[in-house]
Amino acid sequence: MSRTADRSTSTDEAPAEAESSARWLLLVFQLPSKPAYLRVKIWRRLQVLGAVAVKNAVYALPAGEQAQEDLEWLLKEISEGGGDAMIWEARLVDGLSDDDVRSLFNAARGEDYDAAAKEARTLSEAARSQVEPADARARLVRLRAEVARIASIDFFGANGREAVEGLMSGLEKELQEETAMSDERPEQAADGRTAETLTGKVWVTRRDVYVDRIASAWLIRRFIDPAARFKFVPAKGYSPQPGELRFDMYEGEFTHEGDRCTFEVLLGRADLERDGALAAVAEIVHDIDLKDGKFGRPEADGVRTLIAGLCAATADDEERLARGFSILDDLYRFFAKPARGRQ
């Protein structure tokens with residue numbers, strides 16, 4: 001059964017557009033050898049628009065009125081610079097698939113978010129030692145503007161935004177409460193949710209689940225609510241319904257906080273941090289998801305490869321959860337054994 005068919009029949013998933021209906025705008029161009037600056041200028045404009053290269057001198061954007069207008073202006077610049085260009089509206093038939101092109105967009109935006117997260121960590125360290133609060137706030141404002149720019153061209157909900165938003169929120173809190181301890185961790189949501197109020201819910205997250213969302217869903221199903229249902233929705237434009245809780249989503253009820261991934265946040269909110277095996281799993285998930293090497297877990301590379309393998313094997317989110325749960329069940333049992341039993 002195709003992924004589209006699965007989503008159209010499941011009561012726990014939002015309907016999706018047919019994967020085969022994707023339309024793309026392709027800018028195909030040729031530039032003169034001189035002036036040299038024209039090539040750099042066009043490349044920079046394409047980066048600002050969020051376009052990705054699908055072939056040499058062939059750049060794609062999701063079809064839409066704004067994208068068409070942006071490319072028409074760029075075509076005009078190319079022509080005025082002595083180059084040749086055409087804009088095509090295309091449906092992919094063979095070769096690259098729609099998913100392949102979406103992956104190119106997500107990879108590009110993922111790199112942008114990773115760079116922003118690195119800047120947020122650098123700023124956080126500087127704010128604790130050498131940068132005046134006013135300077136740190138000014139840099140944070142600029143960083144928020146840059147993340148907003150990246151989000152505006154994040155057409156398919158790339159991984160990474162939740163991490164950088166959490167880092168920026170944590171830094172903002174530190175700057176607002178200069179007397180607070182830097183490692184203070186809230187144990188309860190601002191709206192008063194505790195472990196007792198987390199059952200009987202539909203848990204909503206972004207499609208194309210990866211390590212933090214798979215692990216968070218496992219934690220919910222295994223330790224918070226065995227009857228929990230999951231719903232997979234687009235990264236943008238979803239309005240939660242009554243009885244739903246969002247996790248690992250921008251503005252979700254449970255998402256990154258400071259330098260903690262969603263799994264770590266859920267662990268604290270559900271008062272499960274005293275479980276040593278869960279704490280070990282949380283450190284592995286953190287190291288894979290945030291890529292900061294905070295805990296230096298030797299198991300992280302192996303688990304990362306397993307998760308990447310299962311995600312490459314299937315695009316179906318329910319199947320990704322099922323396969324991921326098996327990996328995490330074994331990992332939890334391993335850490336739950338006495339040290340001698342792990343040999």
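Computed from a predicted model, the values in this text were never measured in an experiment.

S.K.: Would you take a moment to explain the overall build of the protein chain for this structure?
M.R.: Within the protein chain one finds 11 helices and 7 strands. Buried residues in the protein chain amount to 44% of all 343 residues. The contacts of the protein chain with a sequence gap of at least 6 include a subset with a gap of at least 24, amounting to 72%. Here the protein chain has roughly 17900 Å² of accessible surface; of this, 51% comes from carbon and sulfur atoms.

S.K.: Honestly, empty space enclosed by the protein in this entry has me stumped. Any pointers?
M.R.: What the rule picks out here adds up to 1 cavity of 30 Å³ or more. Space inside the largest cavity adds up to approximately 30 Å³. Along the walls of the largest cavity sit V211, I214, A215, V285, V303, I307 and L328, which together make up its complete lining. Counting residues per element, the ones that place at least two in the lining of the largest cavity are α7 (211–224) and α10 (300–313). When residues of the lining of the largest cavity are assigned to their parent elements, the largest contribution, 3 residues, is made by α7. Taken together, the residues of the lining of the largest cavity break down into 7 nonpolar, no polar and no charged.

S.K.: Help me out: how do you make sense of the confidence of the model for the protein chain in this one?
M.R.: For residues with low pLDDT, the predicted coordinates do not support detailed interpretation. Here the protein chain averages 85 in pLDDT, and 87% of its residues register 70 or above. Across residues 1–20, confidence stays below pLDDT 50; counting only partners more than four residues off in sequence or on other chains, it has 34 contacts. For residues 179–193, every residue scores under 50 in pLDDT, and the model assigns this stretch 17 contacts once sequence neighbours within four places are set aside.

S.K.: Would you explain the sheet that holds strand β6 (residues 229–233) in this entry?
M.R.: Sheets are built from strands paired through backbone hydrogen bonds, the pairs being either parallel or antiparallel. The 3 strands are arranged β6-β5-β7 in an open sheet whose pairing can be described as parallel. Only two strands of the sheet have a single partner each, and these edge strands are β6 and β7 (244–246). Direction aside, the axes of adjacent strands within the sheet are offset by 30° on average. Relative to β6, strand β5 (residues 202–206) is paired through 5 bridges, and the arrangement is parallel.

S.K.: What exactly am I supposed to notice about the packing of helix α4 (residues 98–127) against helix α5 (residues 133–152) here?
M.R.: Helix-helix packing is described using two parameters, namely the angle between the two axes and the distance between the axes. Two elements in contact, α4 and α5, have axes separated by 10 Å at closest approach and are oriented at 170°. Relative to α5, the element α4 is oriented roughly antiparallel. Taken together, the residues of α5 that come into contact with α4 (itself represented by R109, D112, Y113, A116, E119, A120, L123, A126 and A127) are A136, R139, L140, L143, V147, I150 and A151. Here the residues of the contact of α4 with α5 sort into 12 nonpolar, no polar and 4 charged.

S.K.: Mind showing me how you'd approach helix α2 (residues 36–49) here?
M.R.: Since one α-helical turn is 3.6 residues long, residues separated by three or four positions face the same way. For α2, the complete set of buried residues consists of L38, I42, L46 and L49. Taken down its axis, α2 places every buried residue within 70° of arc, on the same side. Seen from the buried face of α2, the exposed residues on the opposite side, beyond 90 degrees, are A36, Y37, R44 and V48. Elements in contact with the buried residues of α2: β1 (24–30), β3 (58–62) and α3 (65–80). Phi for G50, located one or two positions after α2, is positive at around 85°.

S.K.: Please clarify how the sheet that holds β1 should be interpreted in this entry.
M.R.: Spatial ordering of the open sheet is given by β2-β3-β1-β4, a layout of 4 strands whose pairing is antiparallel. Across the chains shown, the open sheet's two edge strands, defined by having one partner strand only, are β2 (52–55) and β4 (84–90). In this sheet, neighbouring strand axes are inclined to one another by 30° on average, regardless of whether the strands run parallel or antiparallel. One ladder, built from 7 bridges, connects β1 with β4; its direction is antiparallel. Paired with W24 across the two strands is A90, which belongs to β4. Those strands touched by α3 are β1, β3 and β4, and its axis lies near 5° from that of β1.

Definitions and cut-offs
Residues numbered from 1 in each chain as written. Predicted model: local features only at pLDDT ≥ 70, side-chain atom pairs only at ≥ 80, totals over all residues. Heavy atoms only, no water. Helix = DSSP H or I, 4+ residues; strand = E, 2+ residues; numbered from the N terminus. Buried < 20%, exposed > 50% of the residue type's maximum accessible area, 1.4 Å probe, protein only. Contact = heavy atoms within 4.5 Å. Areas by Shrake-Rupley, 256 points an atom, 1.4 Å probe, with all protein chains shown as cover. 1 Å grid on protein atoms, 1.4 Å probe; cavity = no way out; pocket = protein on both sides within 12 Å on 5 of 7 lines; lining within 4 Å. Points joined across faces, edges and corners; volume = space filled by probe spheres on them. Nonpolar A, V, L, I, M, F, W, Y, C, P; charged D, E, K, R; others polar. pLDDT = per-residue confidence, 0-100. Pairing = 2+ DSSP bridges. Axes fitted to C-alpha atoms, helices over the stretch in contact; angles between N-to-C directions. Parallel < 35°, antiparallel > 145°, perpendicular 65-115°, else oblique. Arc of directions from axis to C-beta.

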